[in-house]
Amino acid sequence: MGWPVVAGRPTLRRSHYLVAVDDLPRVRRASDLTSVVVGALLVGWAVRAHGQAGAQDSSTAPVTTLPSWVVSLLHLVSTGVLVYTVGMVVVLATSHRAAALRDVLAAGAIAALGTIGCMAAFSRLWPTLFPEYAAGPVLPQFPVLRVAAVSAMLLAASPHLTRPVRRLGWVLVVMTGVAATVLGFGLPSGSVGALGIGMVSAGVILLAFGSPRGYPAVASVAEAMRDLGFTLTDLRTDPDQSWGVRRMVGTTSDGVPVEIKAFGRDAADSQLAARAWRMLVYRGEAGGLTVSRLQAAEHEALVTLLAHRAGVPVPEVLAAASTSGEVAILATRRRGTRLDQLEPADVEALADPELVRLWQDVARLHDLGISHGALDVRAVRRDEGGLVIVDFAAGSLHPDEREKRLDTARLLFGLAQLVGVERAVTTARRAVGVQRLGASLPYLQTPALASRERRHPRSTARDLKELRSRVVQETGVPEPEPVRLRRVGPRELVLLTVLLLFAGAMIPVLAGVDYAQLWVELQDAIWWVLVCAVALGQVAFLPQAASMMFSVGRSLPLRPATVLQSAIAFISFAVPGVAGRVTMNAAFLCKYGVSPTLAVTQGGIDGLSGFIAQLAILLVAFGTGAVSVDLSATSLGEVDWRAVLAVVLLVLAVVMVTVWRLTRLRERVLPVLTSAWSAFARLMRSPSRAIGLFGSQLLIQLMWGLILWAALYAVGSPLGLTPCVVVVVATSLFQGVVPVPGGIGVSEALMVGLLVPLGAASDAAMAATVIWRVATFYLPATEGFFAYRWLEKHGYL
């Protein structure tokens, strides 16, 4: 008896060109989003390249002299790709693939509209539909319509095509782009931009409507099993599914229960992506990557057979083969029920001898050089013969000690959840011994577990702690430090993000500097003064560290507290204003027993004291007449400062009303402000702390002003120290409210705009500003990367 025909559903009509479709749902795949992103990048590059080539004469195509037979061949390729695309549309229409036909035509239409719009915006040429048959010379197009339309339609059709046809389509997409460029239908930027438009169009359509899931259809699997000599009577999908593999269950005509893993189009891609991700994120992951669906099926079958040869209870392998290019089959005899799916009564019926035999089977696998790779309660079944180990897809035939210990740790945690910590640990010790059980201790940690067991981090961490304590008690082994399993963790991701932001902020600054003029100013500078100014910028970390100590009212190690200030300069690229300082200081202070509330409010106290010191400097400077600025001589004189003040007051009012009206926000903000004010009031009642805090803040401002004074003196445009301090204070105040990381660009412009009215030459002011920013921000931020790593390495963060 063959696979049953369901009423109302046509039997499988096998095609060597289109994938079989019977019950495949549509999903939005990451590869479609990748297509959109890559296509957008290609379009952006092409637009930029086209703009750079705009000054050149593009009235003739960049065609080199080619033999006539090459030109004829390229014309044939260009026409052939178009005919192939039209033929594909006809096949989809005659095969009643309405959804696929909709995807292809919609993608082609979007690509055509996008191309025509780009041509109208850039080249103002109406596209030539058949340039290879044009009577006269063809002007190069940007983008090339033929390339965009063909790319979009072939890429949109690819999920509906068999693998050989898909690969042919990708080759044709590349060939049509090359032919269009060589034949002069467009410049290289035109072909690349058209390819990008095609990728974006196809990706958008597939994201909007979804791609057919790359799982083999039930009919295809039934037919493949018949080709392998197994006739199934009730083949159906298994409710328990794995990523990238379609699981099915059925019964042969002989009454044998069968479990089938069908590796379809996405199976190898999914497993390859999963293993590649684990190799990237986790240390010591095995490097064996299967690159085809047949390899995936054969690998699992081989590991299972070797485990069976070793005497370990595993399912019997019935078949591992591929009868077509679209599906690979791994068929095994289905045995028992998964441990995590047992009824409570069946769990209670699990006897210790069964668990001991399971642990002995695991030890036997490891002794023979086999690891499972995903050994938890989902990979163990129970039938009338006992416990059976299944699912060796992630198995390895050359494991290291790390992989074996991970097997032990994962199974131990799973059994502890199932039968209790005491029984799990006791049976494991009886079977594998104290040494092996103790060796798994460093691996009893959250990263070692499967993703489904990490969804509740608090309860998982609590269970792991209890399990480690029991293992220590049972084995007498002192609890060791956890092995670092992850290469990349949250800290590393944050650090990478900050590095990218740092680079993204630095590149425009470096690109926008007029190095020729800057070098002219620096040629006659007093170099030893410049060196001293830059060095003084690094000494400023000391009063910053002292300010932090006075704000919390306790002594801290000076070296790490000073290094922390450089790390704060680095982290400021990701978090503008004082938020980055508050966060870093709080993380540092909590390591020294400072309460979380005081650690957070310390940043507020530090910032408030700095603001008061800056305000006092401005009041003294302008109140005594030590500084006077003629803003009318600059562009700042054209600013309506009353309007600026009105906008600032309006923003403050909106913020205050928002905080007061939103109850949830008010309940979060007001306690923090109240706590900070109380801490500040307590600080002011201690004269020594208050004097030390405000003295440190004043010293910081004076040192920064001295650096600017030295820079101006070195480039031959000296100003008084007081005006320099005022400029630094005004720049710092403005930088603190601008939501730009580090105030990059804004601070430089404001400082130059303030120095010129005070009497500095514009070129000298620019040179001195660059020197000041290098000494106080760019160099400390660069050093801050290494400071952050040093603090993290030594446990200060």
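Preceding this section is the structure that the text describes.
Just so we're clear, the structure is a prediction, and the values are computed from it rather than from any experiment.

Peer 1: How should the overall build of the protein be read in this particular structure?
Peer 2: From N to C terminus, the protein includes 27 helices and ten strands. In the protein, which comprises 797 residues, the share counted as buried stands at 46%. Taking as baseline every contact in the protein between residues at least 6 positions apart, the subset at least 24 positions apart corresponds to 74%. Only carbon and sulfur atoms are counted for the fraction: they give 64% of the accessible area of the protein, which is about 38,500 Å².

Peer 1: Teacher, can you tell me more about the packing of helix α3 (residues 98–121) against helix α6 (residues 188–209) here?
Peer 2: Relative orientation and spacing of two packed helices are given, respectively, by the angle between their axes and the distance between those axes. Across the interface, α3 lies against α6 with an axial gap of 8 Å and an inter-helix angle of 140°. When the interaxial angle is binned, α3 and α6 end up oblique. Crossing handedness for the pair α3 and α6: right-handed. Here Arg102, Asp103, Ala106, Ala107, Ile110, Ala111, Gly114, Thr115 and Cys118 of α3 lie close against α6, whose contacting residues are Ile197, Ser201, Ala202, Ile205, Leu206 and Phe209. Here the residues of the contact of α3 with α6 are counted per class, giving ten nonpolar, three polar and two charged.

Peer 1: In this structure, what is going on with the nonpolar core? I would like to understand it.
Peer 2: Considering soluble globular proteins, one finds that nonpolar side chains tend to be buried as a cluster. Leu412 and Leu415 are the most contacted members of the largest nonpolar core, which has 47 residues in total. Those elements that place two or more of their residues in this core are α9 (293–309), α11 (352–367), β10 (386–389), α12 (401–419), α13 (421–439) and α14 (457–475). When residues in this core are grouped by element, the largest group, eight residues, is from α12. Residues Trp704, Leu708, Leu719 and Leu755 belong to the second largest nonpolar core, which totals 34 residues.

Peer 1: I'm lost on empty space enclosed by the protein in this one. Help?
Peer 2: The gaps of empty space that remain are located by a probe, the size of a water molecule, rolled over the atoms. All told, the structure shown has three cavities of 30 Å³ or more when counted by the stated rule. A volume near 170 Å³ is recorded for the largest cavity. Along the walls of the largest cavity sit 17 residues, with Glu300, Pro315, Thr332, Val390 and Asp391 positioned nearest its centre. At the level of secondary structure, the elements contributing two or more residues to the lining of the largest cavity comprise β5 (257–263), α9 and β7 (328–333). If you add up the space inside the second largest cavity, you get close to 50 Å³. As for the second largest cavity, its lining consists of Leu441, Pro442, Leu444, Gln445, Arg468, Glu479, Pro480, Glu481 and Pro482. By residue class, the composition of the lining of the second largest cavity is five nonpolar, one polar and three charged.

Peer 1: How should I be thinking about a nonpolar patch on the surface in this particular structure?
Peer 2: A contiguous nonpolar surface patch, about 580 Å² in accessible area, is contributed by Leu608, Phe611, Ile612, Leu615, Leu619 and Trp677. Counting residues per element, the nonpolar patch draws most heavily on helix α21 (residues 596–623), at five residues. Mapped onto the elements, tryptophan 677 comes out in helix α23 (residues 663–684). The class of tryptophan 677 is exposed, set by a relative accessible area of 57%.

Peer 1: What is the right way to read the environment of phenylalanine 680 from this model?
Peer 2: As for its position among the elements, phenylalanine 680 is in helix α23. When the C-alpha positions of phenylalanine 680 and serine 609 are compared, they lie 9.1 Å apart, and in sequence the two are 71 residues distant. Apart from residues lying up to four places away in sequence, phenylalanine 680 is in contact with Ile605, Leu608, Ile612 and Phe694.

Peer 1: Explanation requested: the packing of aromatic side chains in the structure shown.
Peer 2: Given two aromatic rings, their pairing is described by the distance between the two centres and the angle made by the two planes. Per the counting criterion, the structure on display carries three aromatic pairs. Aromatic side chains tryptophan 709 and tyrosine 713 sit 5.6 Å apart centroid to centroid with 15° between the ring planes, which places their arrangement in the stacked category. One end of the pair is tryptophan 709 and the other is tyrosine 713, both in helix α24 (residues 687–714) and four residues apart, which spans about a single turn. Tryptophan 709 sits in the partly exposed class, given a relative accessible area of 30%. Relative to tyrosine 778, the ring of phenylalanine 777 lies with its centre 5.5 Å away and its plane at 75°, an arrangement referred to as edge-to-face. According to the relative accessible area criterion, phenylalanine 777 is buried, its value standing at 6%. Sitting over the ring of phenylalanine 209, arginine 102 keeps its end group 3.8 Å from the ring centre. Here the basic side chain of arginine 773 rests over the ring of phenylalanine 777, its NZ or CZ set 4.7 Å away from the ring centre.

Peer 1: Could you clarify how one ought to interpret the packing of helix α18 (residues 541–552) against α24 in this entry?
Peer 2: At a closest axis distance of 8 Å, the pairing of α18 and α24 adopts a crossing angle of 160°. When the axis of α18 is compared with that of α24, the two are roughly antiparallel. As for the relative orientation of α18 and α24, their crossing is left-handed in sense. Listed contacts from α24 to Pro543, Gln544, Ala546, Ser547, Phe550, Ser551 and Val552 of α18 are Ser688, Arg689, Gly692, Leu693, Ser696, Gln697, Leu699, Ile700, Met703 and Trp704. Classifying every residue of the contact of α18 with α24 by side-chain character gives nine nonpolar, seven polar and one charged.

Criteria and thresholds
Residues numbered from 1 in each chain as written. Predicted model: local features only at pLDDT ≥ 70, side-chain atom pairs only at ≥ 80, totals over all residues. Heavy atoms only, no water. Helix = DSSP H or I, 4+ residues; strand = E, 2+ residues; numbered from the N terminus. Buried < 20%, exposed > 50% of the residue type's maximum accessible area, 1.4 Å probe, protein only. Contact = heavy atoms within 4.5 Å. Areas by Shrake-Rupley, 256 points an atom, 1.4 Å probe, with all protein chains shown as cover. Axes fitted to C-alpha atoms, helices over the stretch in contact; angles between N-to-C directions. Parallel < 35°, antiparallel > 145°, perpendicular 65-115°, else oblique. Left-handed = near helix turned anticlockwise from the far one by under 90°. Nonpolar A, V, L, I, M, F, W, Y, C, P; charged D, E, K, R; others polar. Core = buried A, V, L, I, M, F, W, Y, C linked by side-chain atoms within 4.5 Å. 1 Å grid on protein atoms, 1.4 Å probe; cavity = no way out; pocket = protein on both sides within 12 Å on 5 of 7 lines; lining within 4 Å. Points joined across faces, edges and corners; volume = space filled by probe spheres on them. Patch = residues over 30% accessible without salt bridge, like charges linked within 9 Å, V, L, I, M, F, W, Y side chains within 5 Å. Salt bridge = Lys/Arg side-chain N within 4 Å of Asp/Glu carboxyl O. Phe/Tyr/Trp six-rings, centres within 6.5 Å; stacked < 30°, edge-to-face > 60°. Lys NZ or Arg CZ within 6 Å of the ring centre and 35° of its normal.

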